[in-house]
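# Architecture at a glance
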Amino acid sequence: MDRTERISVWFFIGLLLLMYGIIIAAQNVYDAVHPVSHTGVVLGYLHFGIWWGILLIVIGSVYSVIFRPHKTS
Amino acid sequence: MLFCFAETVPLVLFGSMALPSLGWSDSLIIGLYFLFVLGIGYYLSKFTKTGEDFFLAGRKMTAWVAGLAFLSANLGSLELMGWAASAYEYGILATQWYWVGAIPAMLFLAIVMMPFYYISKTHSVPGYLKLRYGESTSMLSAVSFAFMTVLMSGVNMFAMALVMKVILGWSIDFSIWVSSITVMIYVVLGGLLSAIFNEVLQFMLIWLGALVIPVLGLVETGGWTGLVARIHQNFPAGNYTHLWSTLGSFQANPMGINWIGIIFAQGFVLSFGYWATDFLVVQRLLSAKDLRSAKMAPIIGASFKMFIPFIVILPGLIGLAVMPGLVGQAQANATGAYSYNEVLPLMLARYAGPGLLGLGVTALIAGFMSGMAGNVTAFSTVWTYDIYRPIHVRLAKKERSDEYYLKMGRWSTIIGVFISIGTAYLVMQFASIMDYVQALFSFFIAPLFGTVILGMLWKRTTAAGGFWGLLAGTVSSIGMYVWTKIDPASLRIIALSKYAKPMADDMYRGLWCWIITVIVTIVVSYMTEPKTEAELNGLVRGCTVLPSEGDLPVWKRPIFWAVIVFIVLVALNIAFW
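Everything numeric here is computed off the predicted structure, so don't read it as measured data. (Residues numbered from 1 in each chain as written. Chains lettered and ligands numbered in written order. Predicted model: local features only at pLDDT ≥ 70, side-chain atom pairs only at ≥ 80, totals over all residues. Heavy atoms only, no water.)

## A look at the overall build of chain B
Going by this rule: Helix and strand assignments follow DSSP, with helices taken as H or I runs no shorter than four residues and strands as E runs no shorter than two, numbered in order from the N terminus. Our radius of gyration is a C-alpha quantity, and the globule rule it is checked against amounts to 2.2 Å times the number of residues to the power 0.38. A 1.4 Å probe rolled over the protein chains alone gives each residue an accessible area, and that area as a share of the maximum for its type sets the label: buried under 20%, exposed over 50%, partly exposed in between. Per-residue and other accessible areas follow the Shrake-Rupley method at a 1.4 Å probe size, with only the shown protein chains counted as cover for residues.
Along chain B, the regular secondary structure elements total 24 helices and zero strands. Relative to a compact globule of 577 residues, whose C-alpha radius of gyration would be 25 Å, chain B shows 23 Å and is just as compact. With the C-alpha coordinates of chain B rotated into their principal frame, the extents come out at 65 × 55 × 55 Å. Every one of the 577 residues in chain B was classed for burial, and the buried ones make up 64%. By element, 68% of the accessible surface of chain B is carried by carbon and sulfur atoms, the whole surface being about 19600 Å².

## Some words on the overall build of chain A
The following threshold applies: In this description, contact between two residues means that some pair of their heavy atoms is separated by no more than 4.5 Å.
For chain A, the count of helices and strands is two helices and zero strands. Here chain A, with 73 residues, has 34% of them falling under the buried criterion. Look at the contacts in chain A between residues 6 or more apart in sequence, and 86% of them connect residues 24 or more apart. Looking at chain A as shown, the accessible area adds up to about 4600 Å², and 68% of this sits on carbon and sulfur atoms.

## Description of the interface of chain B and chain A
Heads up, the rule is: In short, buried area is how much 1.4 Å probe accessible area vanishes from two parts on joining, totalled over both. Put simply, a salt bridge is a Lys or Arg side-chain nitrogen that is within 4 Å of an Asp or Glu carboxyl oxygen. We call two N or O atoms a polar contact when they sit within 3.5 Å, provided that within protein one can donate a hydrogen and the other can accept it, with sequence-adjacent residues counted only if both atoms are side-chain atoms.
On the chain A side, the residues contacting the 41 residues of chain B number 32 residues. Of the roughly 3300 Å² buried between chain B and chain A on both sides combined, carbon and sulfur atoms contribute 79%. Taken together, chain B and chain A are joined by zero salt bridges. Our enumeration of links across chain B and chain A arrives at eight residue pairs in polar contact (both at pLDDT 80 or more). The element contributing the most residues to the side of chain B that touches chain A is helix α2 (residues 24-44) of chain B, with ten residues.

## Focus: empty space enclosed by the protein
All names here are of chain B. Using the following cut-off: Only protein atoms enter the calculation, which uses a 1 Å grid: trapped sets of points that fit a 1.4 Å probe without letting it out are cavities, open sets showing protein on both sides within 12 Å along at least five of seven lines are pockets, and any residue with an atom within 4 Å of a point is a lining residue. Grid points are joined across faces, edges and corners, and a volume is the space filled by probe spheres set on the points. Under the scheme applied, nonpolar residues are Ala, Val, Leu, Ile, Met, Phe, Trp, Tyr, Cys and Pro; charged residues are Asp, Glu, Lys and Arg; polar residues are all the others, including Gly.
Per the stated rule, a full pass over the model turns up eight cavities of 30 Å³ or more. Taken as a whole, the second largest cavity holds about 200 Å³ of empty space. Considering the residues around the second largest cavity, the lining is formed by 16 residues, among which Ser141, Ser144, Phe145, Phe444 and Leu448 are closest to the centre. At the level of secondary structure, the elements contributing two or more residues to the lining of the second largest cavity comprise α7 (125-133), α8 (135-168), α20 (433-457) and α21 (463-486). Split by residue class, the lining of the second largest cavity holds eleven nonpolar, four polar and one charged.

## Topic: the pattern of salt bridges
Residue and element names in this part refer to chain B. Under the definition given, this model contains seven salt bridges over all chains. Between Arg350 and Glu220 there is a salt bridge, with its nearest N and O atoms 2.6 Å apart. Highlighted residues: Arg350 in helix α17 (residues 343-351) and Glu220 in helix α10 (residues 212-221), separated in sequence by 130 residues. Measuring nitrogen to oxygen at the nearest pair gives 3.0 Å for the salt bridge that ties Glu399 to Arg389.

## Here we look at a nonpolar patch on the surface
Residues and elements named next belong to chain A. Stated precisely, the cut-off is as follows: A patch is a set of surface residues, each over 30% in relative accessible area and not in a salt bridge, joined within 9 Å for like charges and within 5 Å for the nonpolar side chains Val, Leu, Ile, Met, Phe, Trp and Tyr.
A cluster of nonpolar side chains, namely Trp51, Ile54, Val58, Val62, Ile66 and Phe67, defines an oily patch on the protein surface of about 570 Å² accessible area. Tracing the chain through its elements places Val58 in helix α2 (residues 48-66). With relative accessibility at 47%, the residue Val58 sits in the partly exposed group.

## Considerations on the packing of aromatic side chains
Residue and element names in this part refer to chain B. Formally: Any two of the Phe, Tyr and Trp rings considered here, Trp counted by its six-membered ring, make a pair once their centres fall within 6.5 Å; the pair's planes then place it as stacked at under 30 degrees, edge-to-face at over 60, or tilted in between. Whether a charge lies above a ring is judged from NZ of Lys or CZ of Arg, which has to be within 6 Å of the ring centre and within 35 degrees of the ring normal.
Using the criterion set out here, one finds 39 aromatic pairs over all chains in the structure. Considering the side-chain rings of Tyr117 and Tyr128, the 5.8 Å spacing of their centres and the 80° angle between planes classify their relative orientation as edge-to-face. Here Tyr117 is found in helix α6 (residues 103-119), whereas its partner Tyr128 is found in helix α7, with eleven residues between them in sequence. Each of the two residues, Tyr117 as well as Tyr128, counts as buried. An aromatic cluster of three or more residues is present, and its members are Phe54, Phe55, Tyr385, Tyr388, Tyr404 and Tyr405. It is Arg59 that lies over the ring of Tyr118; its NZ or CZ is 5.4 Å from the centre. Arg400 extends its terminal NZ or CZ atom over the ring of Tyr404, reaching a point 4.1 Å from the ring centre.

## Observations concerning α10 of chain B
Counting buried positions along α10 of chain B gives seven out of ten residues, so the element sits mostly inside the fold. The complete set of buried residues in α10 of chain B reads Val212, Ile213, Pro214, Leu216, Gly217, Leu218 and Thr221 of chain B. The secondary structure elements touched by the buried residues of α10 of chain B are α2 of chain A together with α9 (172-210), α11 (223-234), α15 (309-322), α17 and α18 (356-396) of chain B.

## Concerning α6 of chain B
Side chains that are three or four residues apart share a direction in an α-helix, a result of its 3.6 residues per turn. Residues and elements named next belong to chain B. Operational definition: To estimate how far a helix should extend, the number of its residues minus one is multiplied by 1.5 Å. Here the bend at a residue is taken as the angle between two axes, fitted respectively to the seven residues that end there and the seven that start there.
Taking 1.5 Å per residue as the helical rise, α6 with its 17 residues ought to reach 24 Å, and the 23 Å between its terminal C-alpha atoms agrees with that figure. Largest kink in α6: about 60°, centred on Met113, with the proline Pro115 one to four residues after it. Of all 17 residues in α6, 14 are buried; the element is thus mostly enclosed. Looking one or two residues beyond α6, the residue adopting positive phi is Lys121, at roughly 60°.

## Notes on the environment of Met160 of chain B
Residue and element names in this part refer to chain B. Relative to the helices and strands, Met160 is located in helix α8. In this structure Met160 comes out as buried when scored by relative accessible area, which is 4%. Separated by 18 residues in sequence, Met160 and Val178 have C-alpha atoms that sit 12 Å apart.

## A short note on the packing of α6 of chain B against helix α12 (residues 259-277) of chain B
Residue and element names in this part refer to chain B. Going by this rule: Lines fitted to the C-alpha atoms define the axes, with helices restricted to the stretch that makes contact. Angles between their N-to-C directions range from 0 to 180 degrees. By the definition adopted for this analysis, an angle is roughly parallel if under 35 degrees, roughly antiparallel if over 145, roughly perpendicular if from 65 to 115, and oblique otherwise. In this scheme the crossing of two helices becomes right-handed for a clockwise turn of the near helix relative to the far one and left-handed for an anticlockwise turn of less than a right angle.
Relative to each other, α6 and α12 sit at 45°, their axes nearing to 9 Å. The angle between α6 and α12 places the two elements in the oblique class. Seen along the crossing, α6 lies across α12 with a hand that is right-handed. Across from Pro104, Ala105, Met106, Phe108, Leu109, Met113 and Tyr117 in α6, the residues of α12 making contact are Ser271, Phe272, Trp275, Ala276 and Thr277. Of the residues assigned to the contact of α6 with α12, the class counts are ten nonpolar, two polar and no charged.

## Here we look at the side chain of Glu549 of chain B
Residues and elements named next belong to chain B. With respect to the element layout, Glu549 can be found in the loop between α23 (502-527) and α24 (558-575). A polar side-chain atom of Glu549 sits 2.9 Å from a polar atom in the side chain of Lys295. If we skip the residues at most four places from it in the chain, Glu549 touches Lys295, Arg557 and Pro558.

## Notes on the environment of Ala210 of chain B
All names here are of chain B. With respect to the element layout, Ala210 can be found in helix α9. Sequence separation between Ala210 and Leu80 is 130 residues; the distance between their C-alpha atoms is 9.1 Å. If we ignore the near neighbours within four places in the chain, the residues touching Ala210 are Leu205, Ile311 and Ala363.

## As for the environment of Phe11 of chain A
Residues and elements named next belong to chain A. Positionally, Phe11 belongs in helix α1 (residues 9-33). Note: C-alpha distance between Phe11 and Ala26 (15 residues apart in sequence) is 22 Å. Contact partners of Phe11, with chain neighbours within four places excluded, come to Tyr63, Ser64, Phe67, Arg68 and Pro69.

## Let's talk about the confidence of the model for chain B
In low-pLDDT segments, the atomic positions of the prediction should not be examined closely. Inclusion rule: For every residue, the predictor states its confidence as a pLDDT score lying anywhere from 0 to 100.
Averaged over every residue, the pLDDT of chain B is 85; the share at 70 or more is 93%. Scored below 50 in pLDDT, residues 1-16 of chain B makes 59 contacts in the model with residues more than four places away or belonging to other chains.

Printed below as a string of structure tokens:
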């Protein structure tokens with residue numbers, strides 16, 4: 001009996017990282033535009049969250065595209 | 001590794017701190033994580049139809065997936081927090097547990113031992129012992145492993161829930177039940193396949209969540225040079241930035257250990273025992289699709305393991321530079337000051353803004369779940385195949401169907417999780433159990449390595465030799481532990497120095513009980529009849545024709561990559577000498 005082709009684990013990882021990247025980048029862009037005081041966060045002026053969010057979006061996109069499920073005959 | 005937990009992760013963790021409250025993005029990130037791991041379990045359930053699917057992931061994993069799962073099963077959240085705390089207490093010396101204390105063992109496993117685990121088609125380490133030595137040795141190993149694995153899982157579960165309570169304000173009951181039921185659901189649905197998929201996911205999250213701290217920490221301190229300068233400025237009398245130069249004697253370093261203990265006890269016996277014979281990690285490698293993948297997997301794991309100090313040890317060192325004054329737990333409890341056990345969450349609070357905080361917390365939860373799934377899948381396999389099955393066959397005189405063992409695997413997963421939950425609540429009532437459980441686990445590691453390695457490399461080893469050697473090593477380990485508990489002064493005899501500290505006790509105890517295992521095994525083996533070479537085919541070096549890799553280009557051969565990893569290891573040790 002034929003078995004359905006399994007989706008690669010890397011696709012799941014890519015999808016989750018992509019979503020995380022969007023959430024983190026969106027939150028930090030909003031905070032940069034509407035500054036709030038996050039007490040105790042050192043180097044907050046670097047807006048590291050935006051850059052980290054972009055990194056996750058890039059990694060997530062690459063993995064999601066390369067390992068996307070293919071239709072099999 | 002687990003040998004340090006008792007010293008570095010006390011029960012009263014994080015008594016004095018709380019992270020900033022979670023925002024919407026942090027909560028969304030954590031919620032998405034739970035949805036994903038459950039969704040993966042549900043999706044993979046349709047691929048889990050046989051016992052081999054459930055217990056060995058169908059033996060279809062690539063080297064990368066098996067290798068990262070192999071590493072992830074070891075990378076629990078207590079490991080992350082415990083070793084960051086150790087780095088604050090001992091400095092860069094804590095890196096020894098990641099480099100000399102892990103990499104050579106992983107490479108040895110890949111090149112020397114993996115062929116026999118894989119070719120013998122065993123489903124577990126006790127399963128290999130059954131083929132090599134017979135049922136007595138296998139049962140001794142299986143029962144001790146199953147018992148300790150499920151207890152360790154409970155101990156880790158409680159410690160994690162305590163961390164979540166004090167840093168996030170979650171109730172202990174909520175943390176224990178939500179996390180463990182989540183793990184139980186995805187393992188019951190997809191077995192080892194689901195555990196491995198989630199472990200790879202968790203591995204990525206641990207890296208991406210924890211990496212924020214060293215990156216921003218190095219920016220704040222001005223790179224490695226600036227970091228070292230600030231540590232020396234804060235602690236002019238301390239020596240926190242040298243890996244080997246302080247190991248000439250016990251009293252020259254804060255760990256109270258010397259180079260003999262690090263190389264022979266930690267680097268050889270304990271490390272090889274853990275990485276090469278602990279079924280919790282070895283099980284991931286048995287899922288590989290072919291022998292080459294099974295050999296490459298630990299090499300891939302080793303190459304990532306070398307860089308884990310970047311996310312575990314470096315935060316502790318950054319703590320020494322930017323947050324001097326953290327104290328030991330006893331002093332913290334008495335004065336209300338921050339303890340160095342809190343250094344990782346403190347660093348997270350220092351650098352992680354909205355969203356990143358959720359990612360960091362998710363990394364800790366992922367670490368916990370990967371460790372727990374490792375325990376639970378290993379437990380269900382050993383229970384089903386190495387304890388229940390031989391007893392049933394002996395009593396009923398007949399074999400059960402594969403479908404029956406699949407069902408048994410699912411039920412033993414559920415029961416294993418509930419025993420773990422029970423252990424967690426037991427630890428809550430009787431705190432000292434935690435230390436004893438962790439110590440108990442270490443009793444079996446070093447002797448088991450002696451038994452397995454002699455069985456694999458020396459064809460003269462007999463069934464009686466294996467059994468009595470393992471038993472003698474385990475009993476002597478327990479004896480030495482009890483001796484040091486009753487008479488702490490005995491540590492100077494066991495560790496060969498009056499300056500030895502408790503860390504040296506673990507190491508030297510492991511070394512002595514391994515030596516006892518080896519001696520007893522050899523003596524008893526010479527007194528008893530060995531198996532024939534034909535019976536040892538596929539189990540012992542010298543009696544087995546291993547598949548040639550001569551047709552592969554050099555860069556595809558596992559030995560080539562093992563040598564590369566070893567060269568990098570040597571270079572790193574020289575760089576941080």
